4 protein chains.
Amino acid sequence: MIVHLSKDLSQNDIPDLALSNKAIWYESAEYYVFVLPSSIKELPNNLQNHAINNWVLPDDIQLASRIYQDDVREVKWANSITGGGTNNTVMIAGPCSVESEEQLEQTAELLLEQGIKNLRAGAFKPRTSPYTFQGLGIEGLKMLDKIRSKYGFGIVTEVRDATNVEAIIDYADVIQIGAKSMYDHGILKRCGKAGKPVLLKRGFGSTLQELVQCAEFILSGGNEQVMLCERGIRTFETKTRFTLDLCGVAYLKENTNLPVILDPSHAMGFAYGIPDLARACVAMGVDGLLIETHPNPKVAKSDAAQQLDYDVFRQLMGTLNPVAQAVGRQMV
Amino acid sequence: MIVHLSKDLSQNDIPDLALSNKAIWYESAEYYVFVLPSSIKELPNNLQNHAINNWVLPDDIQLASRIYQDDVREVKWANSITGGGTNNTVMIAGPCSVESEEQLEQTAELLLEQGIKNLRAGAFKPRTSPYTFQGLGIEGLKMLDKIRSKYGFGIVTEVRDATNVEAIIDYADVIQIGAKSMYDHGILKRCGKAGKPVLLKRGFGSTLQELVQCAEFILSGGNEQVMLCERGIRTFETKTRFTLDLCGVAYLKENTNLPVILDPSHAMGFAYGIPDLARACVAMGVDGLLIETHPNPKVAKSDAAQQLDYDVFRQLMGTLNPVAQAVGRQMV
Amino acid sequence: MIVHLSKDLSQNDIPDLALSNKAIWYESAEYYVFVLPSSIKELPNNLQNHAINNWVLPDDIQLASRIYQDDVREVKWANSITGGGTNNTVMIAGPCSVESEEQLEQTAELLLEQGIKNLRAGAFKPRTSPYTFQGLGIEGLKMLDKIRSKYGFGIVTEVRDATNVEAIIDYADVIQIGAKSMYDHGILKRCGKAGKPVLLKRGFGSTLQELVQCAEFILSGGNEQVMLCERGIRTFETKTRFTLDLCGVAYLKENTNLPVILDPSHAMGFAYGIPDLARACVAMGVDGLLIETHPNPKVAKSDAAQQLDYDVFRQLMGTLNPVAQAVGRQMV
Amino acid sequence: MIVHLSKDLSQNDIPDLALSNKAIWYESAEYYVFVLPSSIKELPNNLQNHAINNWVLPDDIQLASRIYQDDVREVKWANSITGGGTNNTVMIAGPCSVESEEQLEQTAELLLEQGIKNLRAGAFKPRTSPYTFQGLGIEGLKMLDKIRSKYGFGIVTEVRDATNVEAIIDYADVIQIGAKSMYDHGILKRCGKAGKPVLLKRGFGSTLQELVQCAEFILSGGNEQVMLCERGIRTFETKTRFTLDLCGVAYLKENTNLPVILDPSHAMGFAYGIPDLARACVAMGVDGLLIETHPNPKVAKSDAAQQLDYDVFRQLMGTLNPVAQAVGRQMV
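Calculation criteria
Residues numbered from 1 in each chain as written. Chains lettered and ligands numbered in written order. Predicted model: local features only at pLDDT ≥ 70, side-chain atom pairs only at ≥ 80, totals over all residues. Heavy atoms only, no water. pLDDT = per-residue confidence, 0-100. Contact = heavy atoms within 4.5 Å. Buried area = accessible area lost by both parts, 1.4 Å probe. Salt bridge = Lys/Arg side-chain N within 4 Å of Asp/Glu carboxyl O. Polar contact = N/O pair within 3.5 Å; in protein donor to acceptor, adjacent residues only side chain to side chain. Helix = DSSP H or I, 4+ residues; strand = E, 2+ residues; numbered from the N terminus. Least-squares fit on C-alpha atoms with pLDDT ≥ 70 in both. Nonpolar A, V, L, I, M, F, W, Y, C, P; charged D, E, K, R; others polar. Axes fitted to C-alpha atoms, helices over the stretch in contact; angles between N-to-C directions. Parallel < 35°, antiparallel > 145°, perpendicular 65-115°, else oblique. Left-handed = near helix turned anticlockwise from the far one by under 90°.

Chemist: Hey, could you go over the confidence of the model for chain A for me, with residue numbers and the actual values?
Modeler: In this model, chain A carries an average pLDDT of 97, and 100% of its residues clear a pLDDT of 70 or more. Confidence estimates for the predicted assembly give a pTM of 0.97 and an ipTM of 0.96.

Chemist: If you had to explain the interface of chain B and chain A to someone new, which residues and values would you point to?
Modeler: Listed by partner, the interface residues are 40 residues for chain B and 40 residues for chain A. Between chain B and chain A lies a buried interface of about 3100 Å² when both sides are counted; carbon and sulfur atoms form 71% of it. Ranking the residues of chain B by area buried against chain A places F236(B), K239(B) and C247(B) at the top, with a combined share of 21%. Taken together, chain B and chain A are joined by four salt bridges. Note that E237(B) and R202(A) form a salt bridge whose closest N and O atoms lie 2.9 Å from each other. Across the chain B-chain A interface, the total number found is eight residue pairs in polar contact (both at pLDDT 80 or more). Breaking the side of chain B that touches chain A down by element, the ones donating at least two residues are helix 7 (208-219), helix 8 (246-255), helix 9 (264-268), helix 10 (274-283) and helix 11 (310-326) of chain B.

Chemist: Kindly report on the relation of the copies chain B and chain A, identifying the contributing residues and their values.
Modeler: Superposition of chain B onto chain A requires a rotation of 180 degrees combined with a translation of 0.0 Å along the rotation axis, giving an RMSD of 0.0 Å. Those values place the two copies in the arrangement expected of a two-fold rotation axis. Taking C-alpha positions as reference, the residue of chain B nearest the rotation axis is A280(B), located at 2.1 Å. The residues that chain B uses at the interface reappear at the interface of chain A in 100% of cases, marking a shared surface.

Chemist: Any details on the interface of chain C and chain A? Residues and values, ideally.
Modeler: At the junction of the two partners, chain C supplies four residues and chain A supplies four residues. Both faces considered, chain C and chain A share a buried interface measuring about 300 Å² in area, 81% of it formed by carbon and sulfur atoms. Per-residue buried area on chain C facing chain A is highest for R234(C), F236(C) and T238(C); these three make up 90% of the total on that side. Counting across the interface, chain C meets chain A through zero salt bridges. Considered class by class, the residues forming the side of chain C that touches chain A number one nonpolar, two polar and one charged.

Chemist: Explain the packing of helix 7 of chain B against helix 8 of chain B residue by residue, including any values.
Modeler: Residue and element names in this part refer to chain B. Contact pair helix 7 / helix 8: the axes reach a minimum separation of 11 Å and the direction vectors enclose 45 degrees. As far as their axial angle goes, helix 8 and helix 7 are oblique. In the packing of helix 7 onto helix 8, the handedness of the crossing is right-handed. Here L208, L211 and V212 of helix 7 come into contact with helix 8, specifically with G248, Y251 and L252. The residue inventory of the contact of helix 7 with helix 8, partitioned by class, reads five nonpolar, one polar and no charged.

Printed below as a string of structure tokens:
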């Protein structure tokens, strides 16, 4: 159950009220937001005098539910807006990993040419082997900061674990929580207080229910700027790296109020299928698209097979707006 | 290895030549087509004098491979064409099951109104419980025949097992092999000699490799009119009925010469997500789209949750052509 | 709902009674067994006068349910019994495919030496490629018949599709329905009238619910001798061929009255892990064990990697009885 | 490639040597252990003079590989030993979560009665919903410490994310890394320096390859005491909570030198199947068994359905040793 409580209440009384109702709470601009366990179906007595409104939810998808808020939340990026009244599909592009300043300069050139406002690149890479490239770490974040200062891109970059969450909060415009870190309580709870938009990727072995419940950790911490990202789930099929779950996207669009961003690059794992998939994603009417592109994919230090070269990327970009317009949206 | 042998060869010599090379063969309009195990990488001596051409294949995807034939095969439907030089995306619609003549008349009215030329409906239903509606059987096929005679639709209907394959070959314009029957040798081998187009659905637990190899059973029987259908695979996610595998579709488009038809209805399992998914399928640039629709889904005898009512179906149809055109195709 | 109806009823009245209640029925030794849709929760009026007993079931697992019959059904093999009051774990061994009389003679020698009474081998192989060995067909069945006549083994062999079901019913002692044919209505319905025990393998992409519902097709045809076989399901893990689902076996043992046979050979796909898995299966307290063994696995015409050579097989056999005894059972 | 380098080398020279070879290294009792990327197949020149031995590995499973070390590593628990020359199967039992001192006292009583030396219970719970019990945190660890001081159990307890890794290292005898944290670099790297045994659980959506590679993060940090734990993977089957992957266990036993511990409680998710599964695990010849048990499962604050009550647990314990002995092992 979600309860909006009046700000007439003294902030001093809030912790006890929350504790007695097993509620998680935060303070929004207009009221105190209490979230009680979903098993509670009637407004508790000690909240009745101060409750402005309340919502009974069938399960622990609460703040993210369309039952609580029927419109898609508006999320403000550095240079763009998704959700809310917009019909924007935001484009985010860049390499898998920050590798060098030169590589970021080449990326910047491409993005400027294509009118893309948001750059993605990872500095802390959650690799599965200790014996491969692990990312440039803080040095990589500094390179991203420099390219942002120069060109004004919004920077989307990934937190790997709770030991680097502060660094990412400092440097990113949009904090990306990667698929392998989706359940990380250290990250989720800290992001609830981060004051910056969060892009939460679905774990490749995680259900839609779990994805949205992880978003609830952030939302219930008071950060209302959360976006969900589908990037492919793991199935028995091995000809492609993962399986992009567009049925799941249809479910998220119908049942949650969070913007949905699609990452076909990780799902496919091979450059050849990504343009078709990217168009399919845009035709789904989603809020954003993440595409990996690299000046020279063959020598990329991570995910070489799935990064588009610039020619293919340019061709793809030329085809996205017509599809977006066919479904009443625009690429931004 | 595939070998095209000259028709100068006496047909009497063919069986022995095939046997000595462990080849499956059929006679096309222009030559004898021999398919040898893919482990054979050099043209056998006793075929050299008669071989017009030959192709070495890396695995047992042979006749369906882009290595053998780089263009998508042209398949002739009753009233439309897919693949080949066309950029057609053929529309097939109708109820899950034939339930009554009245229901088919209502379907016909809708299809005529929407300019749809191909009607789908099942008479032999591969239900998982013996205690539910099993389809009208031959009576259902006769109803389909009557509606075809009256309105001229192409009829797509499903063979359930080898005991009804003759009936389906008699009555259908396009023989549908359902997901649960994908491996059925009795059906596959008979369809190799059927002389009618075959729509082969991917088993929900089957790999792409297995799907295409099952198509090879039909192709190597001499039936060159085979289409593949992705209809959702079974994964750990249960919020939707199945998971539509568009990464797999990208793989099939890249690697096989068979037209690809998409069935988002069975994948999603719920009406609400199907329009978005249908548009995504069309944006993938596929060769056809199967959509289930019912005059009154609530009382449907099978798959009630996933059949679109006519209002939703009409709205969907209005949006498909713009998406098709945005990717250089047209709905037919 | 299952209803036992008195044999006082005239057999002439049964079809109408069944039709009016949408019931499937058969005649057992003692009564007519009617199975109505599980949605029916109250005994219909027109059955009340003749009903001896009735059971309300929560879903379409009916005749196989522990609610209907709390003991495991006793199934009579040619030379052994499973289920019922016995604590028998029946051993079935042999090659994947019948390849030659010599191979079967070698198999017979091994089985006699080890005191194994049931021989398995396939004559109709459901291969996924048309370009590989497809089995010896009727010739293979004749070889099995000959070896049976000579040594008295019970023969377990597989029906591939409805076009060979009559041959298998003629030649087999226990009819095996393979994983790829689990849903085959042509086979299931015919086996309901076969009068021989049926070993129904779980499809590798099939749920436990679907497996048991397929058994219901056979049971409701009047064949009360059905056994379930777990042989591995398809998951994301590819280091092994399939994933043996022993949690599923625990579910089947708890909820169904059908004997459960385990096939670790197909699950593992590699000889090295099969002895450990076979011991684990026996420790689960199951009713039977299927193990593939070949006189020379390296040259086997199908499933070469997973067939045990005779030395390994002998070592395995020496370890099974101690495990069986530790859980209160005996190998037969 | 793994290289053992002589301790004649000055420690000052090591970092540069490692850097120039992209090697991760640690110092064991007898030599410096360098692990180079597995793509390197020949001993580099600058290591040749100091190399005592080296191993070429086919992929990034290196320190955990049987190619490097053919025997199972011996791991010393507080009160027991697994692996090495022993044939021990260590028993670990206790509740899902620490709930109270009283609950731990009851657990202690049961364990003492049954001769079990290792107690498991979680204080930091990685729940998927923020609105449910999250564990007692540090208070829970203190309760565990108190019960250890009193009775001498070895304590196995779980680290949730990098923010509580120090606390767990302080309090635990064996550090458990849970399924949802398997990829957590913050945890893995810290555990490489922890000086205590680590029990690494397989993520339910993670491959065997990934599991072992995560172990490599710990091993290559210099912690040679790593155990792997199979606790069920996520598949399409939903009648049970997860699917225990014993085929995977067979793979791990064959290919890695790490002890393997089995957790059938989380796999099954329901008390009824766990005894059968536990016996199957022991029959596999594994190194340890984790079983959840609770004085009153119905009121458990987490995982209520899968915790055994004490009567069932006692019955189970009575059956494990006979199975262990049948496969040449003993429960400790």
